[in-house]
Every structure is written in C-alpha cells, then in structure tokens.
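# Working through the structure, step by step
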Amino acid sequence: MMKDRYPDPHNSNLPPCSFSARCVQSIDEIDSLAALSFPGRSGAVDALWNRSRVKQLHEHLLFCETCRMAVTNARRLRDRQRYGLQDFLTEGETVVPSTTASILIALQDEPHPTLSEAYDMPVYADTPVLSSLKINSLARSRWNTSFFLILTVAAVVVIGSLYIFSHSGVYSPVSQNSSAGQIAGGKNAAIKKNKHRLIKLLKTPGWSAVVMTHPSGDGKNLVVENYDPIQKRSFTLFTSSNTTVVDGVSHEGSNLIYHTYDKELQQTAYNFLSGEQYYFTGRGLNAVWSTDDQAVFLSTDNGALWKINTSQHNIPPIRLPQSIYADQLAFYRNHFLYYVRGYTLCRINVDDSQSIEQQVVFEAASRVFWMDPISEDIYYVKKNATHPDIYKHQSDTAASSDLPMQSNGIPIGYTKDAPNVWTIMYVSWNQMTGGFDIRKTSSTQVLFSNIANGKVQALCDGGTTRGAICDNSLALSPTGHTLLVGGANNAHEYQLWSIDLDTNTRTELENPAGKKPVQLIGWDKFSVN
C-alpha cells in the first residue's frame, strides 16, 4: 500500500523536519484541541491522548512551516477519504432498493396453521404491513423474532450511517416541514426552513440604534433588544433560549444572524432576522458576513465549512472543500476567511479549493482583531507587565515583525480623518484620574476624558479587575461619531452612557435590563418606532 509522505522532499522547497511524521500521526489529537473549548468534551479527549505531548506538537506547528504543510496535506487527504465514503453511501442509497417490503411479503406468504384465537397485527408507522394479517401463537413468535431481527439490523445500519455522516459533515432533515438542500452530486447538505418574519422591520437611512442582549428576568431566555440612544427607547426584536448566541449585524445594518445549539438533537439552528432558518448537524461556531453581505460563512465543530447565499435564499448552503479547526470566526475580506484558534489568527482562501491555512498573528492577548477598512493591515492587543498595547500587523509580512503602535489601549473601531483615510479609535485606562479616555492613534490628544464619569471602575459586566475593558461593553458607530458604553459599579449595578464625539457630550441612559449587565452587539438601521 502506497503511503503519503508529508511533505514530499522532492516536490517541496521546505527543509525537512524530524517532527513531521509525528505531527501527521497526531493530527486528530491536535485538531481535538479546538474541541476542548466546548463544554462536556474535554474528559473524553483527555482520556484518548497525552494532552501535554499534543500541546507541544501544536506549539511546534506555530513555528514550523514544514510541519504545517504536512498537517494541511494530511487534513486534505482525510477529507477526501470522508467525501469518498460519503459518496459511496449516497450512491448506494440510490442504487440498492429497500428490501423491507419484500422481506415482509415473504414472511406473509409463509404457511401458517389455523388460528384458534385470531388477533389483528398492529400497523407500524411508515412500514408496508397488512393490517388484516392473521397468525397463531407459533407464527407470532417466529414473526416477532424475524421482525425484531430486521429492526435490529436496520437500527445498526442507520446509527452507523448517522455516525459516519456526523463526522464527515453530512446534514440530515430535522422535521417533515424542512426541505433538504442539494449540492453537487445530489447529497443532502443542509436544511433550510422558511418561516414568517419575526417582526415587521422599518429601516432608517442612518445608523440609529444598537442591538443589545440580556437575560430574561427568570434567566431562562435571552432577550434581544434594539436601543435608540437619541430617543432613549428600546424595542424587543425577539426572545430566544438562553443558549442563543447573536453572531452579528450585517455590514449594511439591515439584517442580523443568530444561532442556537440543541444538545438533545445535537444540531445548530442559524436564524436570520429576515426570517430564514438553516439547520446543521453538530455544534456550530459563530457566523460572519461577507464584505458585501451577499453571503454568510459558518463552521461546525467537526471542521466543516459552509457558505450561505443571503441574496438568493432558494440556493441551498454549500459545503466548501476546505476544513478549518477554530474557536471562533473573525471576519471575511478579499476571498479570505479569518478565524481564531487559541489566540492565533489564521486565514484560508475560501475561493481556492487547494488553499492551505496561513497563520497571520501569534500570541495575541485577546480574540478580537480589527482589519483596516482600506488596507489589509490588522490591529490587535498584546499585554505587557502593566497594560495592554495595540500592535499592527502589516499584510504580507511575518508576524515576528509586528511592533507596538500604541501603548495602553483597546481598539473599539475607526474614525475617518480624511477621504479614504481611517484611524483606529481606542479606549485607555487613566490611572491618574481613575477613569477611561477615548483617543485615536493619529493624535496625541484625548478626544473624550472620563467617559463613564468616574462611576465605574471596569467597562465590563462585573467581577473583573479595576481598569478592565471588555469588547462587548463598547459599541462605536460605523461613522465614528457616537459611542455606547456600559460598565458595572462597585455595587455590581450595570450602567449605560451615550457619548457624542462631535459635541463632546455624555448622556446617561436607562438600562433596558434594569441593573443587570447587557451585551452590546453592534449598530444597525432598524427603527424602534
């Protein structure tokens, strides 16, 4: 049997590495590191392999391009094998007819003794049996034995097929009202179910409100609201289970996507505010919008990568040939999908079936990354001994060449200095005043000092250290003119403010969740009227 070599020394310009074979042999264990971030899975993973050894290999991959290419080739071969098995099973379903009916007819035609006491055979759902069939006790025993043998064999086949499919990214219907999407080859790929629009949304011409979430009073549900800081009014968009995650508002501000994982069914439902709903087998990661909002990309915990066409919802989701292993998706730009694994930012070309993973940024202090609106430069945070620093990664350069561009800051968005000239806006903790200041990287001046008016010591939902800044407590408008900010005081009461950066005014807002914390998702163009 011919074996693959990773990488082929005759077809690669990369230097050989003695760890390549070991990395390839441990590919499943290395990929399983991503599964540790999901609840309830770490115990099973730890029982299968030496965690410390695999962590060493994972760290080695960060710096060895030879082993990274070897592992990428191994993943590609594994995916091809899974696709081959999937195609074989799918073709078998269409070629080999069901034998259930013929077996039952053969059993029916068997000679049976005369009945002393007759009874009616019950009708089993979706099984072609005769409701008026009469048998005696001996035949009944033989029938029950045969029937349960048939059921046992069928159950083994079905469960085995479902297990294989769930590990190869094949998706199955979840309700009779759902319709199976088809991709090339006629395989069942995903399920889409249309439903009525949750609410009738009115749109505004500008960025007028912010989507925010908070738990319901009893904690059993997640309330998703739209808050207008000018009118100081909020409107409930929808209420969902407390396991729901709101992924984000579209770039245009006219739609929103969120997802919910069902542990019992082991499937994830992705829902658009416009009403469309898609089901995928497995635990799904967050979804991200394409730059033009014409598509949404998502991934599941088995590495499957999917693309949903948002402009034509009659087109089924497409399973992309690449596989990724990530903790969360970051963003999409110019054919590349960026995603985070640990605190490393990676990317892959979703329009190139031969694309391999590229690691862009290493050892960040946060899983939040910002890409420049014009260039492909990326801004992120690293921590020194006392405070976080903003680093800049220039496109097409090595991550080792990244240098700090701003001390003591957390990026929150962009503002325009001139036509086609954008600059990073950031928040910093001022130890002298005990407050938070707004600045931008193109100036040494403070744009707004003490934005929380000294009432909170952390821009987070409580239980954090003094001076902490959390991304979900800040929402800067896409124009860079207005900021919503929240934080918890010493009594763990969460407060909200609106900052007008044009007039340098601060307005305290009424918290829709009372004194409980809220999560700020992003600005939108939904009207609250």
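Below, the structure is looked at part by part.

With that out of the way, let us pick up the overall build of the protein. Across its full length, the protein holds seven helices and 29 strands. In the protein, which comprises 529 residues, the share counted as buried stands at 46%. Of the contacts made within the protein by residues no fewer than 6 positions apart, 46% connect residues no fewer than 24 positions apart. Entry remark: accessible area of the protein is about 27200 Å², with carbon and sulfur atoms responsible for 52%.

The next point concerns the side chain of Asp-293. Considering the arrangement of structural elements, one finds Asp-293 in the loop between strand E10 (288–289) and strand E11 (295–299). Within polar-contact distance, the side chain of Asp-293 engages the backbone nitrogen of His-251 at 3.0 Å. Beyond its immediate stretch of four places on either side in the chain, Asp-293 contacts Ser-250, His-251, Glu-252 and Thr-310.

What follows concerns helix H4 (residues 51–63). Here H4 is 13 residues long and its end C-alpha atoms lie 19 Å apart, about the 18 Å a rise of 1.5 Å per residue gives. Buried residues of H4: Val-54, Leu-57, Leu-61 and Leu-62, and no others. All buried residues of H4 project into a common sector of 155° when viewed along the axis, lining one side. Facing away from the buried side of H4, by more than 90 degrees, are the exposed residues Gln-56 and Phe-63.

Below, the discussion takes up the side chain of Arg-333. Inspection of the secondary structure puts Arg-333 in strand E14 (residues 328–333). Comment: no salt bridge for buried Arg-333; closest opposite-charge side chain is Glu-376, at 5.5 Å. Engagement of the side chain of Arg-333 in a polar contact is seen with the backbone oxygen of Asp-372, the distance being 2.8 Å.

Here the focus is the state of the cysteines. Under the defined criterion, the tally for this structure stands at one disulfide. A sulfur-sulfur distance of 1.8 Å marks the disulfide that ties Cys-460 to Cys-470. In this structure the cystine formed by Cys-460 and Cys-470 twists about its S-S bond by roughly 95°; its chirality is therefore right-handed. Of this pair, Cys-460 sits in the loop between strand E24 (435–440) and strand E25 (474–476) while Cys-470 sits in the loop between E24 and E25, and the two are ten residues apart along the sequence. Relative accessible area serves as the criterion here: at 23%, Cys-470 is assigned to the partly exposed category. The closest cysteine sulfur to the non-disulfide-bonded Cys-17 is located on Cys-67, 3.6 Å from its own sulfur. Taking the relative accessible area as the measure of exposure, Cys-17 reaches 22% and is therefore partly exposed. Unpaired in this structure, Cys-23 has its nearest cysteine sulfur neighbour in Cys-67, at a distance of 4.0 Å.

The next subject is the nonpolar core. Counting residues in hydrophobic clusters, the biggest one holds 21 residues, and the most contacted among them are Ile-438, Ile-451, Leu-483 and Ile-499. Taken together, the elements giving at least two residues each to this core come down to strand E22 (410–418), strand E23 (421–430), E24, E25, strand E26 (482–488) and strand E27 (494–500). Top contributing element to this core by residue count: E23, with three residues. Setting aside residues up to four positions removed in sequence, Leu-483 forms contacts with Ile-412, Ile-438, Ile-451, Leu-474, Ala-475, Leu-476, Trp-497, Ser-498 and Ile-499. Grouped together as the second largest cluster of nonpolar side chains are 14 residues, Leu-285, Phe-297, Ala-326 and Leu-337 included.

Before going further, it helps to spend a moment on the pattern of salt bridges. Taken as a whole, this structure holds eight salt bridges when the rule is applied. We note a salt bridge from Asp-327 to Arg-367, for which the minimum N-O separation is 3.4 Å. Taken together, the residues span a long stretch of sequence, with Asp-327 in the loop between strand E13 (318–323) and E14 and Arg-367 in the loop between strand E17 (358–361) and strand E18 (370–371) at a distance of 40 residues. Between Glu-508 and Lys-455 there is a salt bridge; the shortest N-O distance is 3.2 Å. Remark: Lys-455 occurs in the loop between E24 and E25 and Glu-508 occurs in strand E28 (residues 505–509); sequence separation between them is 53 residues. Of the residues examined, Glu-508 reaches a relative accessible area of 40% and is grouped as partly exposed.

Further remarks concern empty space enclosed by the protein. According to the stated counting rule, one finds four cavities of 30 Å³ or more in the structure shown. Among the elements of the structure, helix H2 (27–31), H4 and helix H5 (65–95) are those that each provide at least two residues to the lining of the largest cavity. If you tally residues by element for the lining of the largest cavity, the top one is H5, at four residues. Its residues assigned to classes, the lining of the largest cavity comprises four nonpolar, three polar and five charged.

The rules behind the values
- Residues numbered from 1 in each chain as written.
- Predicted model: local features only at pLDDT ≥ 70, side-chain atom pairs only at ≥ 80, totals over all residues.
- Heavy atoms only, no water.
- Helix = DSSP H or I, 4+ residues; strand = E, 2+ residues; numbered from the N terminus.
- Buried < 20%, exposed > 50% of the residue type's maximum accessible area, 1.4 Å probe, protein only.
- Contact = heavy atoms within 4.5 Å.
- Areas by Shrake-Rupley, 256 points an atom, 1.4 Å probe, with all protein chains shown as cover.
- Polar contact = N/O pair within 3.5 Å; in protein donor to acceptor, adjacent residues only side chain to side chain.
- Expected span 1.5 Å × (residues − 1).
- Arc of directions from axis to C-beta.
- Lys, Arg positive; Asp, Glu negative; His and termini not counted.
- Salt bridge = Lys/Arg side-chain N within 4 Å of Asp/Glu carboxyl O.
- Disulfide = S-S within 2.5 Å.
- Core = buried A, V, L, I, M, F, W, Y, C linked by side-chain atoms within 4.5 Å.
- 1 Å grid on protein atoms, 1.4 Å probe; cavity = no way out; pocket = protein on both sides within 12 Å on 5 of 7 lines; lining within 4 Å.
- Points joined across faces, edges and corners; volume = space filled by probe spheres on them.
- Nonpolar A, V, L, I, M, F, W, Y, C, P; charged D, E, K, R; others polar.

In short, geometric facts, not functional conclusions.
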